[in-house]
Every structure is written in structure tokens, then in C-alpha cells.
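Listed below are the residues making up each chain.
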Amino acid sequence: MWCRRLACLFKVPCQLSGSARHRSPWLPHDRRTVPAAAARWHHTVPESLKCAWQLHGDHLELRYANTLMRFDFVWLRDHCRSASCYNAKTNQRSLDTASVDLGIKPKAVRVDETTLFLTWPDGHVTRYGLEWLVKNSYEGQKQQVMHPRILWNAEIYHQAQVPSVDCRSFLETDEGLKEFLQNFLLYGIAFVENVTPTKEDTEILAERISLIRETIYGRMWYFTSDFSRGDTAYTKLALDRHTDTTYFQEPCGIQVFHCLKHEGTGGRTLLVDGFYAAEQVLQQAPDQFELLSKVPLKHEYVENVGDCHNHMIGVGPVLNVYPWNNELYLIRYNNYDRAVINTVPYDVVHRWYAAHRTLTAELRRPENELWVKLKPGKALFVDNWRVLHGREAFTGYRQLCGCYLTRDDVLNTARLLGLQA
């Protein structure tokens, strides 16, 4: 899990077990200054349930399911799921958070085998399932992975023999759609076969899982080497591995490619799992991984071709991690579009270059390169937040169509089918 592998890097304290937890030096200061009487542990009966709690000056400490949790009193009042505080039909909070007294404390606490009961000074009773608390506590979230993934290089991916999904099954059955999305979530790429090679049919395919994200490139685009846009992609030149739209404040989440025609040679598509490469950096040079996850950079797209006039700027680090569990969720890597580095002080920039070189070396290892020859009828979906793509130079006439998809809608579709996304 990302959170465990990064615990040392970001100095996240490990959770202790048994009585050693009570003496942890990284507990809040009030934990060590509360009078002994107030810090007494209360156990459920029987004690074999391994659930115990104690009150402190501003929080409740709860030990359950091998997890030591601390809950601020305001948090406990704010998240009450009673009918007057939470609308179970809309899954929205009804309680006005700003109305909660910041100095609030429960006047009574009780815990049975499954539930925590809190009685507040005004008599209101809040109930929490212990399993719900484990799942939703900060300590519990640190142990969870938001997005389960299988990191891969070319050999791992080939050995997995990930199947493509037939277009008809994808469009007409939940089973086919679910299989496709599971492949996509685990590997960051997925293929659909037997697609009619037209822009219109590709659009129908894309809309099966998401709204199409309209950008400065339009809604659905044709892609040829006519240099109709101010971008190297609109040539016959080779393209090194990169992620798209790094110059957007929020890079596009998913990209769809469908080769409609190619009368010539070359043009294979290159795919590299950026998260796999980042994992190698983490193992070999954790300080460099940390630097790449914290130093903000600008990416820029300036275009003045024909009627297309754009100036886009996006800001963010190369590696983006969730702060509570340090799980990597986005890589922003595009050497073509990286702007002038003017957001990094001189005493950091050289170390950043060294870290960038280490990551680039991993991304360029031949064993990490998956080469795919796109052909009419085979559509490719790429997680643009994870998998880098490129291509080799080509000859002749080559036409692709595709689009960007809104990431939220793809993940929403997956969750509705019972997948973790």
C-alpha cells in the first residue's frame, strides 16, 4: 500500500499495538497532560471484544479492531447521523456546522458491542457504529487505498493477458461494461474490439461510460499529420512519452484513441505506467520522490495557428499524492509543455533536476515500454492521470479520432457497478 511504503518518507508515525499505544510519544500534548482520572480506559464487556475508550480534554480516544483512533468533539457532533442532523434520503448534512460550539464536550459516553453513544449538553444523542468509525476515522483512512491498482511493466502486462472487451458486450451489457472498467481501473488502460471505425461510433462508445469533455480541441477530434494545430502531435514525428493537458489546471482524466485509417508504416503507440516508474523512484530514492511530489511547476500551451488562439497554464507537481495516506493519484509529466521553471528557488532547482532525471530514466527503460499497433476497430482508453503515451514516427496517411472524458463520470459509472473507484 502506498501509505505504508511512504510512512518513512513523510515521517508518518506507525500505529502501535497493545499497551505500547498508550505511551506513544506522538500523541497530542493534551493526551499526556490529562489527569489520570480523566485518562482512564473504559472497556466494553466482555473485554475480549477489544474495544476501549477514554475521554481527554478535547477529544475521545477509541481503540477498536486493532486501530487506535482519536476524534475531536466538534467532529463527533458535526457528523451525527440522526434524523435532525442528516438527511438519509439525500445523503446530505442538515446540521449547520457553524452552529456547533467549538468548546463542546459530551456529558455522557457509552459503548456497547457495536455502537458508540454520545449524549451532548443539550440532551441530543449521537450514535456511531464502531465499524463506521474505523472506516471514516483519519487513522482508518491512512490504512486504506483509494484506488486499488496493479502496477505494470511490459512483461507484467503481457503475462496478465488482460482481455479486450467486445464492443457489443461493452455497449449492451453491464457485465461487459464492468469487465472493461475493472481492467481500466487496475491497469490504467483498456481496449474495446470490433468498433465500427467511424468518429460517430467512437463517440457512442465513449458516451457509454462518461460525458465527453469538450476542450480547446473540440468535442470529438480527428487527428492527422496536417499541422492544423500548434502541437507536435499533429505531425509525423515520433512523440516521447507524456501525459496530455498538463497545462490545464485539472488535466483531462481519460483519453480515447481509435485509429480509423493508416496507409503507411510505423506509428505504433507507446504506453508506460507512470505509477510503476514512480514506485521504482520511491524504492531507490525516496527523497527524490518527495521532491517531485512537493515542488510546483508550470506547464504552458501557447497556440496561434489559423483561427486557434490559446494560452493555457496549469500548475502542480509532477507527482501528486493524497496527503492523508500518501497514495499517488496523478502524474503530470510532459517535457514538451513544461514552462520556464520560475516557481522553484535556486537551492532546490538542481535537486529537482536530479529527481526529474531519475524518474525520466525509469520511464524510458525499455522493459517498461508497452508498444501497441492501433488499428481500425480497436479503441484504446488511457488513464491520463497515470499512463504516459507516445508514438513512433510514421509514414503515409494516418487518421485517428478520439476525445477526452470527464474523470468523475467514469469513476461514478464504476462505483454504480460495485467497483472500488
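Just so we're clear, the structure is a prediction, and the values are computed from it rather than from any experiment.

Q: What's the story with the overall build of the chain in this structure? I'm lost.
A: Scanning the chain for helices and strands turns up 13 helices and 24 strands. In the chain, which comprises 421 residues, the proportion classed as buried is 52%. Restricting the contact set of the chain to residue pairs at least 6 apart, pairs at least 24 apart contribute 72%. Accessible surface, the chain: about 20200 Å² in total, of which carbon and sulfur atoms supply 52%.

Q: How should the packing of helix H10 (residues 274–284) against helix H11 (residues 286–294) be read in this particular structure?
A: The angle between the axes and the distance between the axes are what describe a pair of packed helices. It is at 5 Å that the axes of H10 and H11 come closest, and there the two elements cross at 130°. On the basis of their axis angle, the class for H10 and H11 is oblique. Across from Ala 278, Val 281, Leu 282, Gln 283 and Gln 284 in H10, the residues of H11 making contact are Pro 286, Gln 288 and Phe 289. When the residues that make up the contact of H10 with H11 are grouped by side-chain class, the tally is five nonpolar, three polar and no charged.

Q: Would you mind going over helix H9 (residues 199–207) with me for this structure?
A: Every α-helix winds through 3.6 residues per turn, so residues three or four apart in the chain are directed the same way. Looking at H9, one finds that the buried residues are Thr 202, Leu 205 and Ala 206. For H9, the angular spread of the buried residues around the axis is 95°, confining them to a single face. In this fold, the buried residues of H9 make contact with helix H7 (167–172), strand S11 (189–193), strand S12 (212–213), strand S15 (254–263), strand S22 (379–383) and strand S24 (397–405).

Q: Sorry, what's going on with the side chain of Thr 413 here?
A: Along the chain, Thr 413 falls in helix H13 (residues 407–416). Leave out the neighbours within four places in its chain, and Thr 413 touches Leu 177, Leu 181 and Ile 209.

Q: Is there a simple way to explain the sheet that holds strand S3 (residues 59–64) in this structure?
A: In a beta sheet, neighbouring strands pair by backbone hydrogen bonds and run either parallel or antiparallel. Spatial ordering of the open sheet is given by S1-S2-S3-S4, a layout of four strands whose pairing is antiparallel. Two strands bound the open sheet, and with one partner strand each, they are strand S1 (42–43) and strand S4 (67–72). Where S1 meets strand S2 (residues 52–55), two bridges bridge the pair, whose relative direction is antiparallel. Bridging across to S2, His 43 finds its partner in Ala 52.

Q: Any chance you could explain the environment of Thr 358 here in plain terms?
A: The topology assignment puts Thr 358 in helix H12 (residues 346–363). Note on Thr 358: relative accessible area 21%, which makes it partly exposed. On a C-alpha basis, the gap between Thr 358 and Ala 278 in space is 9.4 Å, while along the polypeptide they are 80 residues apart. Once residues lying within four places of it in the same chain are set aside, the contact partners of Thr 358 are Val 281 and Gln 288.

Q: What am I meant to see in the pattern of salt bridges here?
A: In a structure, side chains of opposite charge can pair up when their charged atoms sit close to one another. In the structure shown here, the tally under the stated rule is 17 salt bridges. A salt bridge links Arg 219 to Glu 207, with the shortest nitrogen-to-oxygen separation between them at 2.4 Å. Of this pair, Arg 219 sits in the loop between S12 and strand S13 (221–223) while Glu 207 sits in helix H9, and the two are twelve residues apart along the sequence. Exposure remark for Arg 219: the relative accessible area of 30% places this residue in the partly exposed category. When its relative accessible area of 41% is taken as the criterion, Glu 207 is described as partly exposed. Put simply, Glu 392 and Arg 268 hold a salt bridge, and the shortest N to O gap is 3.1 Å. You can see Glu 392 sitting in the loop between strand S23 (387–391) and S24 and its partner Arg 268 sitting in the loop between S15 and strand S16 (269–273), a full 124 residues away along the chain. Under the relative-accessibility criterion, Glu 392 is labelled partly exposed at 21%. Taken together, the salt bridges that share partners define one network made up of Asp 240, Arg 241, Arg 364 and Glu 369.

Q: I keep staring at the nonpolar core and nothing clicks. Help me out?
A: Counting residues in hydrophobic clusters, the biggest one holds 28 residues, and the most contacted among them are Phe 170, Phe 180, Leu 181, Ile 209, Phe 381 and Leu 405. Sorting the residues of this core by element identifies H7, helix H8 (174–187), S11, H9, S15, S22, S24 and H13 as the ones contributing at least two each. For this core, the element with the most residues is H8, which contributes five residues. By size, the runner-up hydrophobic cluster in this structure holds 27 residues, among which are Val 321, Ile 341, Ala 355 and Leu 359.

Q: Looking at this structure, I do not really get unusual backbone geometry. What am I missing?
A: Positioned with a positive phi, Asn 91 is a non-glycine residue whose angle comes to about 60°. By the secondary structure assignment, Asn 91 is in the loop between strand S5 (86–87) and strand S6 (92–93). With a relative accessible area of 54%, Asn 91 lands in the exposed category.

What counts, and at which threshold
Residues numbered from 1 in each chain as written. Predicted model: local features only at pLDDT ≥ 70, side-chain atom pairs only at ≥ 80, totals over all residues. Heavy atoms only, no water. Helix = DSSP H or I, 4+ residues; strand = E, 2+ residues; numbered from the N terminus. Buried < 20%, exposed > 50% of the residue type's maximum accessible area, 1.4 Å probe, protein only. Contact = heavy atoms within 4.5 Å. Areas by Shrake-Rupley, 256 points an atom, 1.4 Å probe, with all protein chains shown as cover. Axes fitted to C-alpha atoms, helices over the stretch in contact; angles between N-to-C directions. Parallel < 35°, antiparallel > 145°, perpendicular 65-115°, else oblique. Nonpolar A, V, L, I, M, F, W, Y, C, P; charged D, E, K, R; others polar. Arc of directions from axis to C-beta. Pairing = 2+ DSSP bridges. Salt bridge = Lys/Arg side-chain N within 4 Å of Asp/Glu carboxyl O. Core = buried A, V, L, I, M, F, W, Y, C linked by side-chain atoms within 4.5 Å.

Read these as layout, nothing more, since geometry by itself doesn't imply function.
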